[in-house]
Amino acid sequence: MDSRDEQPETTATTGRALDRRAELSEFLRSRRARLKPEDVGLSGFGRHRRVPGLRREELAQLAGVSVAYYTRLEQGNGRNVSAEVLDAIARALRLTDAEHAHLTHLAKPKALKKKQGARQQQVRPALRQLLQTMESVPAYVVGRRSEILAWNRMAAALFGDWGEVPPAERNWARLVFLRPEYRELFVDWEQKAIDIVCALRMDAGCHPDDPKLSALVGELSVKSEEFRRLWATHDVREKSHGVKHLHHPLVGDLALNFESFRLTDGSEQSLVTYHAEPGSPTAESLRLLASWGTDATRAVSSA
């Protein structure tokens, strides 16, 4: 069966939570540093500036708050900050919608019940059935912390049979950063890595007290220099659709359109599908992979 019942767990589940105050401070500093005075209509005040990007007083002026107030916020003290002030700072920093949401989560975190944080992620039976009816479309369900929760036969043919992967390693971040075969599978591996880190950052903003997420970040930071570099950028963004270019070991180059559908049942899960342009070489390659199914992985292993 391609969609397994075992739920992935992180290798370490007792890691300390992320420091929310530090996350808020570093995020604001990084967003301020990327803006130049001329970007926001301010004079550069000469060529020699000691700080990259905007100064705190310049950002406070743009947001219409006092320098002392903004300084406290940038130091990680988001206590009692209003939504109106966060909106003003987001506009001044020219944040995207995803970055604005991330700032709000960091400054005004919602309480996370302990049971919710420890609970295994479950995929609804009807959703599992839907995956199996999508016989010609690679599809999977991904949850929090980039965990791969369920998949169909075509996803196994395209990405490898995750049923043969230990449950704790069924995680996009671990696969992409720690397994060489995924570096070869994704033509633009760097962009795939960026997308994963951005999604983990969004997750961290929503659930900074999640010890499993903290353990995952700690593990990857130790094992992957690329992950450490990307994590330090504090970039956040959401991708709901696009094109992925793969180099499959059996059928060669593929250009696949992907769609990510966020479930609205509060599970924080997404259904991700891939499809090819009708009549394209990629469509023919997918038909070939469909005939192999999970045997495609075994064929690659024995080649």
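Note: the structure precedes this text.
Parameters at a glance
- Residues numbered from 1 in each chain as written.
- Predicted model: local features only at pLDDT ≥ 70, side-chain atom pairs only at ≥ 80, totals over all residues.
- Heavy atoms only, no water.
- Helix = DSSP H or I, 4+ residues; strand = E, 2+ residues; numbered from the N terminus.
- Buried < 20%, exposed > 50% of the residue type's maximum accessible area, 1.4 Å probe, protein only.
- Contact = heavy atoms within 4.5 Å.
- Areas by Shrake-Rupley, 256 points an atom, 1.4 Å probe, with all protein chains shown as cover.
- Axes fitted to C-alpha atoms, helices over the stretch in contact; angles between N-to-C directions.
- Parallel < 35°, antiparallel > 145°, perpendicular 65-115°, else oblique.
- Left-handed = near helix turned anticlockwise from the far one by under 90°.
- Nonpolar A, V, L, I, M, F, W, Y, C, P; charged D, E, K, R; others polar.
- Core = buried A, V, L, I, M, F, W, Y, C linked by side-chain atoms within 4.5 Å.
- Salt bridge = Lys/Arg side-chain N within 4 Å of Asp/Glu carboxyl O.

**Concerning the overall build of the chain**
Thinking step 1. Helix and strand content of the chain: 15 helices and five strands.
Thinking step 2. Residues classed as buried in the chain amount to 49% of the 303 residues present.
Thinking step 3. Excluding contacts between residues fewer than 6 apart, the proportion of contacts in the chain whose partners are at least 24 apart in sequence is 61%.
Thinking step 4. Of the accessible surface of the chain, which amounts to about 15400 Å², a share of 52% is contributed by carbon and sulfur atoms.

**Here we look at the packing of helix α2 (residues 56–63) against helix α3 (residues 67–74)**
Thinking step 1. Close contact between α2 and α3 brings their axes to 9 Å; oriented N to C, the two are set at 110°. Considering their axes alone, α2 and α3 lie roughly perpendicular with respect to each other. Classified by chirality, the crossing of α3 by α2 is right-handed. Where α2 abuts α3, its residues Arg-56, Glu-57, Leu-59 and Ala-60 lie against Val-67, Tyr-70, Thr-71 and Glu-74.
Thinking step 2. Looking at the contact of α2 with α3, its residues break down into four nonpolar, one polar and three charged.

**Description of the nonpolar core**
Thinking step 1. Core analysis: the biggest nonpolar cluster contains 45 residues, and Tyr-140, Phe-159, Trp-162, Trp-172 and Phe-177 have the highest contact counts within it.
Thinking step 2. Discounting chain neighbours no more than four positions away, the residues touching Tyr-140 are Leu-131, Ala-150, Trp-151, Phe-159, Trp-162, Trp-172, Ser-270, Leu-271, Val-272 and Tyr-274.
Thinking step 3. Among the nonpolar cores identified, the runner-up in size contains 27 residues, and Tyr-70, Ala-88, Leu-93 and Leu-106 belong to it.

**Describing the pattern of salt bridges**
Thinking step 1. If you walk through the whole model with that rule in mind, you get 21 salt bridges.
Thinking step 2. The salt bridge partner of Arg-55 is Glu-58, with a shortest N-O separation of 3.4 Å.
Thinking step 3. The partly exposed category is assigned to Arg-55, whose relative accessible area is 24%.
Thinking step 4. For Arg-229, the salt bridge is made with Glu-190, and the minimal N-O distance between the two is 3.2 Å. Note that Arg-229 is positioned in helix α13 (residues 225–231) and Glu-190 in helix α11 (residues 189–206), a separation of 39 residues in sequence.
Thinking step 5. When its relative accessible area of 30% is taken as the criterion, Glu-190 is described as partly exposed.
Thinking step 6. Here the salt bridges share partners, and the residues they tie into one network are Arg-144, Arg-145, Glu-147, Asp-203 and Asp-210.

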